[in-house]
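# A look at the structure
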Amino acid sequence: MVLMMHLPLSVICWCFFILNFITISTQTIEAQSVKITDFHTFNSSSPSDSFGRCVSGAGDVNGDGISDVIVGAHTDDTNGPGSGSAYVYSGVDGTILHTFSGDTTYNYFGFSVSGAGDVNGDGFDDLIVGAYLNDDNGTYSGSARVYSGLDGAVLHTFTGDSEYDRFGVAVSDVGDLDGDGYSDVIVGADFDNNNGTNAGCARVFSGFDGTVIYSFDGDEEFDHFGQAVNTAGDVNADEIPDLVIGAPGNNKARVFSGADGSLLYEFFGSVSSPHLFGAAVGGAGDVNGDGFADILVGAHRFTDDERVDRGKVIVYSGADGSALFTLLGEDAFDRLGNSVSRAGDINQDGFDDFIVGISANDTNAPEAGTARVYSGADGSILFEVEGDSPIDFFGKSVSDAGDIDGDGATDLIVGGLGTDTVRIFSLTPLEFKRGDVTGDGVINLADPIQVLNIILSAASNLCADASDANDDGVVDIADVGYLLATMFQEGTLPPDPGFQCGIDPTDDDLGCDTPNCP
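Here's a quick rundown of the structure. Note that the structure is a prediction, hence the values are computed from the model and not measured.

## What about the sheet that holds strand β10 (residues 167-175)?
Strands sit in the order β10-β11-β12-β13 across an open sheet of 4 strands; the sheet is antiparallel. A single partner strand is all that each edge strand has here, and the edge strands are β10 and β13 (212-217). For this sheet the average axis-to-axis angle between neighbouring strands, irrespective of direction, equals 20°. Note: β10 against strand β11 (residues 184-189), 6 bridges, orientation antiparallel. Within the sheet, the bridge partner assigned to G175 lies in β11 and is D184.

## With respect to unusual backbone geometry
Residue E239 is not a glycine yet carries a positive backbone phi of 70°. By secondary structure assignment, the location of E239 is in the loop between β14 (228-233) and β15 (242-247). In this structure E239 comes out as exposed when scored by relative accessible area, which is 74%. Although it is not a glycine, D420 sits at a positive phi angle of roughly 55°. Topologically, D420 is positioned in the loop between β27 (411-416) and β28 (421-429). D420 sits in the buried class, given a relative accessible area of 8%.

## Considering the sheet that holds strand β5 (residues 96-101)
With antiparallel pairing, the 4 strands of this open sheet are ordered in space as β2-β3-β4-β5. Of all the strands in the sheet, just β2 (51-59) and β5 have a single pairing partner and so form its edges. Strand after strand, the sheet turns through a mean of 20° between neighbouring axes, direction not considered. Direction of pairing for β2 relative to strand β3 (residues 68-73): antiparallel, over a ladder of 5 bridges. In the sheet register, V55 faces β3, and the bridge partner there is V71.

## Here we look at the pairing of strand β9 (residues 154-159)
With 5 bridges connecting them, strand β8 (residues 143-147) and β9 associate as antiparallel partners. Of the residues in β9, the one forming a bridge with A144 is F158. In sequence, β8 turns back onto β9 through a hairpin of 6 residues, with G152 there showing a positive phi of about 80°.

## Describing the nonpolar core
Within the largest apolar cluster, 18 residues are counted, with the highest numbers of intra-cluster contacts made by I186, V204, F216, F225, L243 and I245. Looking at this core, the elements with two or more residues in it are β10, β12 (201-205), β13 and β15. V204 has contacts with V174, L177, V185, I186, T211, V212, I213, Y214, F216 and L243, leaving out every residue within four places of it along the chain. Listed in part, the 16 residues of the second largest apolar core include A253, F267, A299 and F302.

## Some words on helix α3 (residues 446-455)
An α-helix turns once every 3.6 residues. As a result, residues three or four positions apart point the same way. Of all the 10 residues making up α3, 7 are buried; the element is thus mostly covered by neighbouring parts of the structure. Of all the positions in α3, only D447, P448, Q450, V451, L452, N453 and I454 are classed as buried. Once α3 ends, the next one or two residues include S457, with phi positive near 60°.

## Topic: helix α5 (residues 477-489)
Helix length check: α5 (13 residues) gives 18 Å between terminal C-alpha atoms against 18 Å at 1.5 Å per residue, within 8%. Taken residue by residue, α5 has A478, D479, V480, G481, L483, L484, A485 and T486 as its buried positions.

## Some words on the side chain of S90
Positionally, S90 belongs in the loop between β4 (85-89) and β5. The contacts of S90, once residues within four sequence positions are left out, are H40, D68, T95 and L97.

## A look at the side chain of D76
Along the chain, D76 falls in the loop between β3 and β4. For the buried D76, no salt bridge exists, and the shortest N-O distance to an oppositely charged side chain is 13 Å, to R145. Side chain to side chain, D76 and S85 meet in a polar contact 2.7 Å long. Not counting the four nearest positions on each side in its chain, D76 is found in contact with S46, D49, G82, S83, G84, S85 and Y87.

## Overview of the packing of α3 against α5
Running from amino to carboxyl end, α3 crosses α5 at an angle of 180°, the nearest separation of the two axes being 9 Å. Considering the angle they form, α3 stands roughly antiparallel to α5. Residues D447, P448, V451, L452 and I455 of α3 lie in contact with α5, whose contacting residues are I477, D479, V480, L483, L484 and M487. Among the residues making up the contact of α3 with α5, the classes are represented as 9 nonpolar, no polar and 2 charged.

## A word on the packing of aromatic side chains
All chains considered together, the criterion is met by 19 aromatic pairs. Aromatic side chains F354 and Y374 sit 5.5 Å apart centroid to centroid with 15° between the ring planes, which places their arrangement in the stacked category. With F354 in strand β23 (residues 353-358) and Y374 in strand β24 (residues 370-374), this residue pair connects regions lying 20 residues apart in the sequence. Three or more aromatic residues joined by ring pairs make a cluster, and in this case those are F42, F51, Y87 and Y89. The side chain of R53 reaches across the aromatic face of F111, ending 3.8 Å from its centre. Sitting over the face of the ring of F191, R166 holds its NZ or CZ atom 4.4 Å from the ring centroid.

Rules behind the numbers
- Counting of residues starts from 1 at the beginning of each chain's written sequence and follows it residue by residue.
- Given that the model is predicted, a residue must reach a pLDDT of at least 70 before its local features are reported, and side-chain atom pairs must reach 80 or more before they are shown or counted; all residues, however, enter totals for whole chains, interfaces and linings.
- In computing side-chain properties, one takes all heavy atoms of the structure into account and sets aside hydrogens as well as water.
- For two strands to be treated as a pair, DSSP must find no fewer than two bridges joining them.
- Each helix is a run of H or I in the DSSP string that is no shorter than four residues. Each strand is a run of E no shorter than two, and both are numbered from the N terminus.
- All axes here are fitted lines through C-alpha atoms, helices being fitted over the stretch that makes contact, and every angle between N-to-C directions spans 0 to 180 degrees.
- Three exposure classes are used, based on accessible area relative to the maximum for each residue type with a 1.4 Å probe and protein chains only: buried under 20%, partly exposed in between, and exposed over 50%.
- For our purposes a nonpolar core is just a set of buried Ala, Val, Leu, Ile, Met, Phe, Trp, Tyr and Cys residues, chained together by side-chain atoms within 4.5 Å.
- We call two residues contacting when some pair of their heavy atoms lies within 4.5 Å.
- Multiplying one less than the number of residues by 1.5 Å gives the expected span of a helix.
- Positive charges come from Lys and Arg alone, negative charges from Asp and Glu alone, with His and the N- and C-terminal ends not counted.
- The rule for a salt bridge is simple: a side-chain nitrogen of Lys or Arg has to be within 4 Å of a carboxyl oxygen of Asp or Glu.
- Throughout this description, a polar contact denotes any pair of N or O atoms lying within 3.5 Å of each other; where both atoms belong to protein, one of them has to be capable of donating a hydrogen while the other can accept it, and for residues adjacent in sequence the pair is counted only when both atoms sit in side chains.
- When an angle is under 35 degrees it counts as roughly parallel; over 145 it counts as roughly antiparallel; between 65 and 115 it counts as roughly perpendicular; any other value is oblique.
- Charged residues are taken to be Asp, Glu, Lys and Arg, nonpolar residues to be Ala, Val, Leu, Ile, Met, Phe, Trp, Tyr, Cys and Pro, and polar residues to be all remaining types, Gly included.
- Side-chain rings of Phe, Tyr and Trp (the six-membered ring for Trp) are treated as a pair once their centres are within 6.5 Å; stacked means planes under 30 degrees apart, edge-to-face means over 60, and tilted covers the remaining angles.
- A ring is considered to have a charge above it if a Lys NZ or an Arg CZ atom is located within 6 Å of its centre and within 35 degrees of its normal.

Below, the structure written as structure tokens:
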């Protein structure tokens, strides 16, 4: 209060007027850790073609230095009903770079899509698209094609072994496993019978020549192993990417070494009911900062005594296979975990974050859906975006999109199946300035008002170090006076806490320790 005594009477009156005003009209203010911009929105050109059922980052397809994306529409009828299509969009302006289509009726081409990395070593990232009902090697044997990002030419075509294999139900890039300088790919066939009826399989193919590097089979009948496949990142820290494959038929997921194909981990969901544990799998990045890539496994039909089909996602440690976080849907039929993906270090706290689809969530409207981003540091919710309309099923597919806007931060792509809409979100971490209590980038009268709200417990503290305007280690009424002095007497504030309050030159106990710290 000493500093208040040196303020002009008019400023002191302002301060107490504000305090009185806040006392009688307070509101809780939500915190958010990043600035979210709806960067691109893509809509289907025809209804009911399942546009957005599968989305993925595509890498830099056209060599302009900006990441691009790929979207599947497996019931598109370009070459007959259900022939399917896949579209590659420019990250710069959203224009279509390539359109690929299935060969014939009910191929369901585009049911799975992914970037493939640079398969042919030409400096342009390539694409892979699955058509799990393709009949090239028998009814529903399935197929997958790898396309050049440069010109759209077919680089490789892979097919299932026999009828009803459903080869191509899932596809993904896996990085360069064999060290030849070319990216490799993985394809799942969840009805393959090599190791029992519908045990399933997954194969890793060389990007260089298309030969099989690894072939993995399900353990037992009806595993449906290979229904979900993905790169897991470098789980065992041997500098070679590893693989994660789901077997949701028997609630399992397995992680394999990219170096030699050996089994690193096997995770099990409940065996008592079909929770579809393993129907969504992915690498989480290094969420706990230990130098090992961690793993995501979704079980969107998870049910407990409280809620049916609430859904569940477990984040497993790459270092020892232990569960780091277990996330549950809040409501029955949310189906949290129908899609999962790494998201990069969105809030720049040094820990990778991750995104989860909750496609039947009712927050904004019945089954509008939600995509939610979680902190890798503590599993808290960083932010979420909802579908616009009923039965959007927004979040049916989620993926990191790479850096779409060129700001150095990872952006995200989310598919909304019900209305055939796909949205790309540009994410920018908020940088807090000392005294910028509201996080809007400027210091004005809203900031001392917010400090008073915080003191009265009427607002969440966005960033303790930013709120501590005089940097004395306490957020109190003196900070209100300090801010008013800064505005009205052109005072100088102490050094800024920086991004996420991760850099604070003053040694005190304050910091950004709230779940939604910007």
